[in-house]
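Overview (structure and organization)
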Amino acid sequence: MFKRLKVIFAFKQLLIVLLSIAMLIGVACNLVYPFENTSSLILLPIVFIGPLLVFFLYRYLKKLPPFLLKRIILIAFLIMVLVQIYVFSAMPATIYHDPFRVIQEAEQVSTGDIDWTSDYFWRYPNNVPLTALVGFWFKLTNLLGLTPNLAIHILSLLFLDSMIIILLMTAKKITGNLALPFIGQLFFLLSPYAYTYNLQVFYSDLPIYFSISALLLIVLKWQKADFKSKKWRFLSLVLLFLICLFAQIIKPNFLIVALAAFITILAAWLAKKKMIKVITIPLITIILAILIAFPATKFLDNSINFKNNEQYELPITHWIYMGLNLKRDGSYSGRDTKSAVKRVNINAREKADIKGISRRLKKAGIFNLIKLWTSKVAILLNVSKYNHAYTGGYVSAPAWFQKGQAWWSATASLVLRLAFITIYSLALISLYRLFKVKEVNYLLLFSLLIAVGYVAFHTFLWEVEGRYGQAITPILFLLIANTFSKAAIAEKKTKRDWKIPLFILAFLSLGGIYLKANARLINSRGIATIAQRSQLSNQYNPQVTWLAAHSSVTQNVSIAATNDYFSILKVKGSKAVATLTNRTTKQTFNINAGHTKYSILNQLKPGEYQIKVTNPTDDQQAIWLVKTHNYQLGQESATTPEPTWGKRSFVYMFSQNRVHADQGTFRIVKAKKPYTRSINFR
């Protein structure tokens, strides 16, 4: 018995050490990236100032009346919701890649007009269940008369704000006061975490963050025996079952949670603790839900008439193969994928991947593998690009934002980095305190297993992206709350209130100095301002639109700040030509035609513009128009020669600081001087 306890304790200590190493890498990468210069030293004091500020603020807030804290938290939450609504209405982001493909197909599901118009879902069938569920949501909101845009915004808002409420409830449950929930709400109110990717883009990530937050709270309540009656215990298990079932359906790697639950049950059983029944019942529920998710996924696939196609599908080994790509630091590789899809079927790809995995392991060697794994953890925990994940500019935005977008974006990125440097530093303190505890708390063991599981999965096995690392954020909140529990922090009689404004001033000053030191880099970085970049992508063989001879398609768009670059996606080999006209001044720009885009490099003043693509030939020409039923893509829909169902939009982008990498790969050429006379295409 004693040996078993020693083994379990040693295992807990190992998990703490592994997660601590990850947190150290997380702190370091957020200090250094994205500018990667000596200015990072300016931010180094934040590693100490951030946690100290939180500690002193916590002690001060504990002295305030609970009813006052509750009111302030509620007011802060309502202000946050108002800002979120403003962001939706005033500056909707243009989303691309996987999230748009899910929305576009889900809209077809909701109308019954299901048309698998590209190879995307055959290649990545794991996104089909999410598409089906979003499609069912659209069916419901269609009955209520809501547009798909509003419906998807509501869905994001529900998941995000529910997750925030759950995290605040968890903090209160663990600490027994409202001081830490107050600090947590400040983070959500003042940082871009609740206004950018999590709010603007609905994809599988946010529901997973929500699910992990919810299941931890339910297990916590079971551990503390909060559910007094059989009725509430039963309802909590039903809710837990549905949450885990949903999470596993939309994200297959949620299986990590089931493995964590199984290991926790095993550890509790080996230790023969009295509380084994209390912790086992919800954990068994989690495992059952995740197991049932596999047939449920097939049911959802069949409900929208989706059939797997092995001619296009990528095997699991492909992600392992990409995860060993040293040149890409283990992240998604378009070159690896392009090479894989050339093979005849999934079996051929799997065989090639297995050989490739063996080849890459041998070529890398132990030193390069350690370097790769470190880089993958850094990518996983770095948040510098998180605000802009899957977004390529804004459909529209207020003038004040467009004019200073480079600085607003840089500031938002820095604020999130500093916030997570503080979170990771606090997590390190929590892990150190937990390391010194001689007993094993099985909820914390379960949480550590999930966190280490996610990090290890993407570090050693899978490909990696920054979004994936956010799955452990709810766990970090729980660990930090454990540090701030009544037993962890003793009350101090001496007043230290003067340190709070001092630390806040230091925090702001260091951030300002850092931005000033990188002013040249910020001013020179390309910024996509007003854009519509949602598309199905040429690699998935979507259908082109054929433009009849001597006809044209137009689309209106307005910009509120000066831009120096504009491009529009072009079908390779098409002889259609494009122009951009300022509708106010009647100034027309003839846009250079490259292989895959039309582009112009010139000063484009604020105003109303018209994009026009014309076929000057006697034969029909292919153009790119993204089609949706009722989902609005650009500021206005494109106007086509003949009335058609639904909405259409070009794929275009205005940008500042001369963005060179946008919808295509053709070299940007300086445009000729603008002229005002009509253009003759004949």
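The structure under discussion appears in the preceding block.
Residues numbered from 1 in each chain as written. Predicted model: local features only at pLDDT ≥ 70, side-chain atom pairs only at ≥ 80, totals over all residues. Heavy atoms only, no water.

Okay, the overall build of the chain next. Each helix and strand counted, the chain has 23 helices and 15 strands in total. For the chain, the spread of C-alpha atoms along the three principal axes comes to 90 × 60 × 55 Å. Buried residues in the chain amount to 57% of all 682 residues. Looking at the chain as shown, the accessible area adds up to about 30,800 Å², and 64% of this sits on carbon and sulfur atoms. One finds the centroid of the 77 positive side-chain charges in the chain at a distance of 12 Å from the centroid of its 29 negative side-chain charges. (Helix = DSSP H or I, 4+ residues; strand = E, 2+ residues; numbered from the N terminus. Buried < 20%, exposed > 50% of the residue type's maximum accessible area, 1.4 Å probe, protein only. Areas by Shrake-Rupley, 256 points an atom, 1.4 Å probe, with all protein chains shown as cover. Lys, Arg positive; Asp, Glu negative; His and termini not counted. Charge placed at Lys NZ, Arg CZ, Asp CG, Glu CD.)

Okay, the pairing of strand E11 (residues 607-614) next. Taken together, the 8 bridges between strand E5 (residues 552-559) and E11 define a ladder with antiparallel strand orientation. Within E11, the residue paired with Ser552 across the bridge is Thr614. In this sheet, E11 lies alongside strand E7 (residues 577-582) in antiparallel orientation, the contact comprising 6 bridges. The residue bridging Leu580 from the neighbouring strand is Ile611, located in E11. (Pairing = 2+ DSSP bridges.)

Turning our eyes to something else, we now look at a positive patch on the surface. Positive charge collects at one region of the surface, where Lys327, Arg335, Lys338, Lys342, Arg343, Lys351, Lys355, Arg359, Lys363 and Lys572 lie side by side. Of all the secondary structure elements, the ones that give two or more residues to the positive patch are helix H16 (334-341) and helix H17 (346-381). By residue number, the principal contributor to the positive patch is H17, which donates 4 residues. As for its placement among the helices and strands, Lys327 is situated in the loop between helix H15 (316-322) and H16. Assessed through its relative accessible area of 79%, Lys327 is described here as exposed. (Patch = residues over 30% accessible without salt bridge, like charges linked within 9 Å, V, L, I, M, F, W, Y side chains within 5 Å. Salt bridge = Lys/Arg side-chain N within 4 Å of Asp/Glu carboxyl O.)

Before going further, it helps to examine the pattern of salt bridges. Overall, the coordinates contain 8 salt bridges when judged by the stated rule. Linking Arg360 and Asp336 is a salt bridge whose minimum nitrogen-to-oxygen distance equals 3.0 Å. Taken together, the positions of Arg360 in helix H17 and Asp336 in helix H16 put the pair 24 residues apart, joining distant regions of the chain. Like Arg360, the residue Asp336 is buried in the burial classification. Residues Arg583 and Glu608 are paired through a salt bridge, measuring 3.6 Å at the closest nitrogen-oxygen approach. With a gap of 25 residues between them, Arg583 in the loop between E7 and strand E8 (588-590) and Glu608 in strand E11 connect regions that are remote in the sequence. Given the relative accessible area of 36%, Glu608 is considered partly exposed. Members of the salt-bridge network, linked through shared partners, are Asp205, Lys251, Glu465 and Arg467.

Relative orientation of the contacting elements helix H3 (residues 46-62) and helix H19 (residues 405-436) amounts to 75 degrees, with a least axis distance of 8 Å. Judged by the inter-axis angle, H3 sits roughly perpendicular to H19. Judged by residue contacts, Ile46, Val47, Gly50, Pro51, Val54 and Phe55 of H3 engage Leu418, Ile421, Thr422, Ser425, Leu426 and Ile429 from H19. A per-class count over the contact of H3 with H19 returns 9 nonpolar, 3 polar and no charged. (Axes fitted to C-alpha atoms, helices over the stretch in contact; angles between N-to-C directions. Parallel < 35°, antiparallel > 145°, perpendicular 65-115°, else oblique. Contact = heavy atoms within 4.5 Å. Nonpolar A, V, L, I, M, F, W, Y, C, P; charged D, E, K, R; others polar.)

This brings us to helix H8 (residues 148-175). Between its first and last C-alpha atoms H8 spans 41 Å; for 28 residues at 1.5 Å apiece the expected length is 40 Å, and the two agree. Looking one or two residues past H8, Gly176 carries a phi angle of roughly 80 degrees, positive in sign. (Expected span 1.5 Å × (residues − 1).)

Right, let's get into the sheet that holds E11. Pairing within the open sheet is antiparallel, and its 4 strands lie in the order E5-E11-E7-E8. Only two strands of the sheet have a single neighbouring strand rather than two, namely E5 and E8. Neighbouring strand axes in the sheet, compared pairwise and without regard to direction, differ in orientation by 20 degrees on average.

Residues Phe254, Ile286, Phe446, Tyr454, Phe566 and Phe654 are the most contacted members of the largest nonpolar core, which totals 223 residues. The element that contributes the greatest number of residues to this core is H19, accounting for 14 residues. Leaving out residues up to four positions away in the same chain, Phe254 has contacts with Ile208, Ser211, Ile212, Leu215, Cys244, Ala247, Gln248, Ile290 and Tyr454. Counting residues in hydrophobic clusters, the runner-up holds 5 residues, among them Ala528, Ala531, Tyr565 and Met653. (Core = buried A, V, L, I, M, F, W, Y, C linked by side-chain atoms within 4.5 Å.)

Below, the discussion takes up unusual backbone geometry. Of note, the amide linkage connecting Tyr33 to Pro34 takes the cis form, showing an omega dihedral of 20 degrees. Within the secondary structure, Pro34 is located in the loop between helix H1 (2-32) and helix H2 (40-43). Despite not being glycine, Asn305 shows a phi value in the positive range, around 60 degrees. Its place among the elements puts Asn305 in the loop between helix H14 (276-303) and H15. Judged by its relative accessible area of 57%, Asn305 falls in the exposed class. You will see that Tyr390, though not glycine, has its phi angle at about 60 degrees, which is positive. Position of Tyr390 among the secondary structure elements: in the loop between H17 and strand E2 (391-394). Look at Tyr390 and you get buried, because its relative accessible area is 12%.

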